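If you want the building blocks of each chain, they are given just below.
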Amino acid sequence: MNMTAEAIAVKPINLTADHLAQDQSTTITVGEISSPNPRMECRDVNVWYNANQAIKNVSLDIGQNEVIAMIGPSGCGKSTFLRCLNRMNDTIPAARVEGSIQLDGQEIQDKSIDVVPLRARVGMVFQKPNPFPKSIYENIAYGPRIHGLTNSRAELDELVETSLQRAGLWKEVKDRLDAPGTGLSGGQQQRLCIARTLSVSPEVILMDEPCSALDPIATAIIEELIDELRQQYTIAIVTHSMQQAARVSQRTAYFHLGDLVEVGTTDDIFNQPKHKLTEDYITGRFG
Amino acid sequence: MSPSLLLFIILAAMALAYHLGRKRAIGVAGGITQINRLHSLPAYYGYYAALWVGLPSLLLLLFWAGLQGQILTALTLAELPLETTANLSEGQLSLLVSDIRNLADGNLMGREPSAEVEAAAAHYQRLQGIATATLWALVGAMVLAGMAWAWQHTTPSFRARNRVESIAMIVLILFSSIAILTTLGIVLSVLFESIRFFQQVPWTEFLFGTKWSPQIALRAEQVGASGAFGAIPLFTGTLLISFIAMLLAVPVGLLSAVYLAEYAPRQVRAWAKPVLEILAGIPTVVYGFFAALTVAPFMRGLGESVGLDIASESALAAGLVMGIMIIPFVSSLSEDVINAVPQSLRDGSYALGATQSETIRRVIFPAALPGIVGGVLLAVSRAIGETMIVVMAAGLAANLTANPFESVTTVTVQIVTLLTGDQEFDSAKTLAAFALGLTLFVVTLILNVIALHIVRKYREQYE
């Protein structure tokens, strides 16, 4: 990035002015928030951690068989928003979520909704690979077992195999299913976690910076995998890498300080952003 | 002219030396503005001077304090007429020595001292005076020599910081070797006394004998003259009580740890943890009389009401109270281990739709298990070594039984009974205590080694 001294000096002033403007009135999202074929519909979602508001009036649809990328500078609330979609914020005592989040027309914020089947339908892959300290086989079999998805050992074996195959890991591990999952390389561990998520047949998969702990080759394999998974699943991915967002997603949502600033097709966002903040972020002025 | 005054003077000299060394360093650098010409900060030259002034004289003082008494005594005894000391036993000799020292120190004696003792005391006093004067002179010389040495070595290129660092390391090594050598000394003294015991009683009888009756014949053909030193009843008693204790402590401690680590709201944890820690802070003697005066009679009464015969000093009562004592040990170690399981594993499990108890049972507990086992083993070695509760509540009869309602005795109880009161320290009876102590030490050592090994292995898993 060839920045002149002048540009660097100007930058913080711009940002502060924008920042102040947003604190006083919530930004209205630029672009089309709805999707023609939505799986999840979020309306006016607000999230607080104690007194800090992390998400402000975010409305966004996540469409069938699409990959939607959420980008934005650190602390903009994109991960927090992602964690709302399968109520993972329930595990944080200080977090409070308001607004409407619907999965296939059903309100998931409703306290009468059981999170157990919800999280089976909306799976999640985390930033850091987190395989359980168990064997590769047991890592995959964990989900089907707690949900009682299989009736026999043979069925379970088959489910483990198909899950690993879908995650593109089967060939590498089929001879050592009893080896500990923690002994795999970082990229393999992350694919193991994806396979683990696939094992309970989710409909939506949330990915929270799934490649940020991986090297470029492992990243490329996962990105390819995401593209394949799109045929069967709906995927929402949070990423710090704009190149990654451009490569894997069809729609992109740009978050800034808790606001959803702009959303649109990935092409539009990267080629002709409408909002000044989006443009600044895309062109590397800050973030 | 006391050693403590001398110590104080040395410390004062060190402070002065620090000051002088610092000044000197600034001086050779050519003033406070020039100190970047020095290799190290001026303070390091000060420390260097202080260490040279203080350390040799402190070491001398320590050495002197250890040896002065012995050397002076030897010199005094050598002065005594030969016929006085020649045919004295070891005990009489030490009595004579203490008479001389007491007289020299001006302490009152119960009886009129003999002329020889008085002369010896006077001689001793004279020698003491000479020794003290010599010490002062030596310390003074060493302080000055140290200062002169440091003064001469203070040049801009002198690496004072590196020197001070290496001296600091040597001092630290000295102190840590004190701890290690003390432990070694205890182990060796127990070992040597045990060897003396095993010269009188074969180790096979001690380790495999089933009868414990530690007595020795004072005269031939005495009734009950044949003592028996079979330690098996003691070890089974110890194991029985420890087993009962763990039976109580492990489930209670573990489940409360799970509750505190995973379920408890912050406010509950804020007061529940300190309460558990208070439980750990109760002196064992308090647990002891709680066991003997409250729990044991209660158990006996309970047994009577359901038709069981429970002894008033039962293994059950001692074991239960010991279990209560160990609960905080198990729960706090387990809680640490459970908290050490990374949050990402919990998240991973919740994200698959697992409930909290499924997550705990299938992910957190297996991940924490090695650490929990390590904690439990540490608690077991604590239970085996516990003395006060069993002394008060378990009884003295060495019954070889697995019945928790009967009275049993433990290794630690027997060590206490063998060594309390007036004892001869060369009979098999008292030496048996050392053998028991050694065996107990070996058992707990093995348990601790296993526990530490498991805990370490567990740590590597996440780091």
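Analysis parameters
Residues numbered from 1 in each chain as written. Chains lettered and ligands numbered in written order. Predicted model: local features only at pLDDT ≥ 70, side-chain atom pairs only at ≥ 80, totals over all residues. Heavy atoms only, no water. UniProt positions renumbered as here; feature names shortened; annotations may be inferred. Contact = heavy atoms within 4.5 Å. Buried area = accessible area lost by both parts, 1.4 Å probe. Salt bridge = Lys/Arg side-chain N within 4 Å of Asp/Glu carboxyl O. Polar contact = N/O pair within 3.5 Å; in protein donor to acceptor, adjacent residues only side chain to side chain. Nonpolar A, V, L, I, M, F, W, Y, C, P; charged D, E, K, R; others polar. Core = buried A, V, L, I, M, F, W, Y, C linked by side-chain atoms within 4.5 Å. Buried < 20%, exposed > 50% of the residue type's maximum accessible area, 1.4 Å probe, protein only. Helix = DSSP H or I, 4+ residues; strand = E, 2+ residues; numbered from the N terminus. Domains from an automatic or database assignment. Pairing = 2+ DSSP bridges. Axes fitted to C-alpha atoms, helices over the stretch in contact; angles between N-to-C directions. Parallel < 35°, antiparallel > 145°, perpendicular 65-115°, else oblique. Left-handed = near helix turned anticlockwise from the far one by under 90°. Lys, Arg positive; Asp, Glu negative; His and termini not counted. Disulfide = S-S within 2.5 Å.

An unreviewed UniProt entry lists chain B under the name Phosphate transport system permease protein, with Lamprobacter modestohalophilus as the source organism. Per UniProt, the comment on chain B under Sequence similarities (unreviewed entry) is "Belongs to the binding-protein-dependent transport system permease family. CysTW subfamily." Per UniProt, chain B has the following entry under Function (unreviewed entry): "Part of the binding-protein-dependent transport system for phosphate; probably responsible for the translocation of the substrate across the membrane."

For chain A, the name recorded in an unreviewed UniProt entry is Phosphate ABC transporter ATP-binding protein, with Lamprobacter modestohalophilus as its organism.

Student: I'm lost on the interface of chain A and chain B in this one. Help?
Tutor: By convention, interface size is frequently given as the accessible area that disappears when the constituent parts associate. Taken together, the 22 residues of chain A in the interface contact 19 residues of chain B. Of the roughly 1,700 Å² buried between chain A and chain B on both sides combined, carbon and sulfur atoms contribute 64%. Of all residues in chain A, the largest losses of buried area upon contact with chain B belong to A:Pro133, A:Tyr142 and A:Ile146, amounting jointly to 32% of the total for that side. Linking chain A with chain B are zero salt bridges. Where chain A packs against chain B, one counts four residue pairs in polar contact (both at pLDDT 80 or more). Partitioned by chemical class, the residues of the side of chain A that touches chain B number 11 nonpolar, six polar and five charged.

Student: Mind showing me how you'd approach the nonpolar core here?
Tutor: Among soluble globular proteins, nonpolar side chains are generally buried collectively. The biggest cluster of nonpolar side chains holds 81 residues, and the ones touching the most others in it are B:Phe197, B:Trp212, B:Ile241, B:Met322, B:Ile326 and B:Leu436. Those residues in contact with B:Ile326 that sit more than four places away from it in its chain are B:Met246, B:Ala249, B:Ala379 and B:Ala383. By size, the runner-up hydrophobic cluster in this structure holds 42 residues, among which are A:Ala69, A:Ile136, A:Ile235 and A:Tyr254.

Student: Sorry, what's going on with the UniProt feature "transmembrane region" (unreviewed entry) in chain B here?
Tutor: According to UniProt, the feature "transmembrane region" (unreviewed entry) maps to residues 45–67, 133–152, 167–192, 234–258, 278–298, 310–330, 363–380 and 431–455 of chain B in the numbering used here. Annotated as residues 310–330 of chain B, this span is 76% helix and 0% strand, and its ends, taken at the C-alpha atoms, are 28 Å apart.

Student: Mind showing me how you'd approach helix H12 (residues 343–351) of chain B here?
Tutor: Residues spaced three or four apart along an α-helix face the same direction, because each turn holds 3.6 residues. Counted residue by residue, H12(B) has seven buried out of nine residues, so it is predominantly covered. Those residues of H12(B) that fall on the buried side of the exposure criterion are B:Leu345, B:Arg346, B:Asp347, B:Gly348, B:Ser349, B:Tyr350 and B:Ala351.

Student: Is there a simple way to explain the domain arrangement of chain B in this structure?
Tutor: Split into domains, chain B comes out as domain 1 (3–158) and domain 2 (228–460). Using C-alpha coordinates to define each centre, domain 1 of chain B is positioned 50 Å away from domain 2 of chain B.

Student: Is there a simple way to explain the environment of A:Val248 in this structure?
Tutor: Residue and element names in this part refer to chain A. Summarising the element assignment, Val248 is placed in helix H9 (residues 242–248). Sequence spacing of Val248 and Val67 is 181 residues, and the spatial spacing of their C-alpha atoms is 6.9 Å. The residues contacting Val248, other than those within four sequence positions of it, are Val67, Glu223, Ile226, Asp227 and Ile237.

Student: Please explain the side chain of B:Ser314 as it appears in this structure.
Tutor: Residues and elements named next belong to chain B. Topologically, Ser314 is positioned in the loop between helix H10 (284–306) and helix H11 (315–340). In this structure Ser314 comes out as buried when scored by relative accessible area, which is 0%. Reaching out from Ser314, the side chain makes a polar contact with the backbone nitrogen of Ala317 at a distance of 3.2 Å. When neighbours within four sequence positions are excluded, Ser314 is seen to be in contact with Ala393, Pro404, Phe405, Glu406 and Ser407.

Student: How do you make sense of the sheet that holds strand E11 (residues 259–265) of chain A when you look at a structure like this?
Tutor: Hydrogen bonds between backbone groups are what pair the strands of a sheet, and the pairing can be parallel or antiparallel. Residues and elements named next belong to chain A. Spatial strand order, E1-E11-E10-E4-E9-E8-E7: seven strands in an open sheet with mixed pairing. With partners counted over all chains shown, the strands left at the sheet margins are strand E1 (30–31) and strand E7 (122–125), one partner each. Direction of pairing for E1 relative to E11: parallel, over a ladder of two bridges. Within E11, the position partnered with Gly31 by the bridge is Val263. Contacts between helix H8 (residues 216–229) and the sheet are confined to strand E4 (67–71), strand E8 (204–208) and strand E9 (234–238), with E9 contributing the most and set at about 150 degrees to the helix.

Student: Help me understand the pattern of salt bridges, please; the structure alone is not making it clear to me.
Tutor: Opposite charge on two side chains allows them to pair when their charged atoms are near. Residue and element names in this part refer to chain A. With the rule as written, the count across this model stands at 17 salt bridges over all chains. When the shortest N-O distance is used, the salt bridge between Arg39 and Asp104 registers 2.8 Å. Separated by 65 residues along the polypeptide, Arg39 in strand E2 (residues 38–49) and Asp104 in the loop between strand E5 (95–103) and strand E6 (106–107) bring together distant segments of the chain. Here Glu172 and Arg191 are joined by a salt bridge, their closest N and O atoms 2.8 Å apart. Linking Glu172 in helix H6 (residues 170–173) with Arg191 in helix H7 (residues 186–198), this pair joins segments that are 19 residues apart in sequence. Each member of the salt-bridge network shares a partner with another, and the members are Arg39, Asp104, Arg121 and Glu203.

Student: I tried to follow unusual backbone geometry on my own but got confused; where do I start?
Tutor: Residues other than glycine predominantly adopt negative phi, and peptide bonds predominantly adopt the trans conformation. Residue and element names in this part refer to chain A. Look at Asp44: it is not a glycine, yet its phi comes out positive at around 50 degrees. Structurally, Asp44 is set in strand E2. For Asp44, a relative accessible area of 44% corresponds to the partly exposed category. Residue Ser201 is not a glycine yet carries a positive backbone phi of 50 degrees.

Student: Where do I start with the packing of helix H8 (residues 232–263) of chain B against helix H9 (residues 266–281) of chain B in this structure?
Tutor: Residues and elements named next belong to chain B. Running from N to C, H8 and H9 cross one another at 150 degrees; their axes reach a closest spacing of 10 Å. Taken together, the axis directions place H8 and H9 in an arrangement best described as roughly antiparallel. Once H8 is placed against H9, the crossing between them reads as left-handed. Counted together, Tyr259, Leu260 and Ala261 of H8 and Val268, Arg269, Ala272, Lys273 and Leu276 of H9 form the full contact between these two elements. Its residues assigned to classes, the contact of H8 with H9 shows six nonpolar, no polar and two charged.

Student: Would you mind going over the side chain of A:Arg196 with me for this structure?
Tutor: Examined against the element boundaries, A:Arg196 turns out to sit in helix H7. Buried charge without a salt bridge: A:Arg196, with B:Asp347 as the nearest opposite-charge side chain at an N-O distance of 9.7 Å.

Student: Please explain the state of the cysteines as it appears in this structure.
Tutor: In a disulfide, the sulfur atoms of two cysteines are held together by a covalent bond. All names here are of chain A. Counted under the stated rule, the structure contains zero disulfides over all chains. Cys84 forms no disulfide, and the closest cysteine sulfur to it belongs to Cys42, at a distance of 7.9 Å. You can call Cys84 buried: its relative accessible area is 1%. The cysteine Cys193 is free of any disulfide, with Cys211 supplying the nearest cysteine sulfur at 12 Å.

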